[in-house]
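Spelled out from the first residue to the last, the chains are:
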Amino acid sequence: MTELSPHFDLPEESQIKDLPQDIQEAILAVQEKAGFVPNVFLMLAKRPAEFRAFFAYHDALMERDSDTLTPAEKEMIVVATSARNRCLYCVVAHGAILRIYSKNPLLADQLAVNHRTSPINERHRIMLDFAFHIGMEAGDLNEEWKEKLKAVGFTLDDIWDIGAITAFFGLSNRMVSLTGTPPNEEFYLMGRVPKQ
């Protein structure tokens, strides 16, 4: 098994039973669904209050029904901005989820390298340009951006979601970098061969 962190003493899978009950249940639920425990769950379990807050906000953003923003588009934001933040964990883990949601085994890799040269439509290019503007350039939402985003079908609530997902995963990227948490090997192959 890969060491979870070269810097911090993080719980191992064998120690799940020693964690608070609600965290045990959350980890075991994702293990049952995915077939393995994503390392980020074990990393955050080191600090139970932060684990709860992180996953509550994650779920509020990623599982809510946005006005028009799809689950695949949310994952596109995560992959493209995480690549720019040099976060291997999030690129690999969310790249796997994006491949599954989009049913496109190439898209995550293309976005991770350069969304501007990826074969995506204008809506997605503007969405990712805005995410980079907010997340990488510390930009703000002005009337020009509102008009650009609305012109390709995004609502004000969608715009909030794009910005919030970008900001939240900036936090996630930095925490994974801080702790040196590696992506699980299982993520690398997920969604590479589309199901028939």
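This text follows the structure it describes.
Quick summary incoming for the structure in this document. (Residues numbered from 1 in each chain as written. Predicted model: local features only at pLDDT ≥ 70, side-chain atom pairs only at ≥ 80, totals over all residues. Heavy atoms only, no water.)

Some thoughts on the environment of Pro119
Mapped onto the elements of the fold, Pro119 is located in the loop between α6 (107-113) and α7 (122-135). Since its relative accessible area comes to 64%, Pro119 is described here as exposed. When the C-alpha positions of Pro119 and Leu107 are compared, they lie 8.2 Å apart, and in sequence the two are 12 residues distant. (Helix = DSSP H or I, 4+ residues; strand = E, 2+ residues; numbered from the N terminus. Buried < 20%, exposed > 50% of the residue type's maximum accessible area, 1.4 Å probe, protein only.)

Looking at helix α3 (residues 48-62)
Note: α-helices contain 3.6 residues per turn, so residues at a spacing of three or four share the same orientation. Over its 15 residues, α3 extends 21 Å from the first C-alpha to the last, a length consistent with the 21 Å expected when each residue adds 1.5 Å. Along α3, the residues that are buried comprise Phe51, Phe54, Phe55, His58, Leu61 and Met62. Angular distribution of buried residues about the axis of α3 spans 130 degrees; they occupy a single face of the element. (Expected span 1.5 Å × (residues − 1). Arc of directions from axis to C-beta.)

Re the side chain of Ser82
Along the chain, the position of Ser82 falls in helix α4 (residues 71-84). The class of Ser82 is buried, set by a relative accessible area of 0%. In this structure the side chain of Ser82 is engaged in a polar contact, spanning 2.7 Å, whose partner is the backbone oxygen of Val78. Excluding residues within four positions of it along the chain, Ser82 makes contact with Cys87, Cys90, Val91 and Asn173. (Polar contact = N/O pair within 3.5 Å; in protein donor to acceptor, adjacent residues only side chain to side chain. Contact = heavy atoms within 4.5 Å.)

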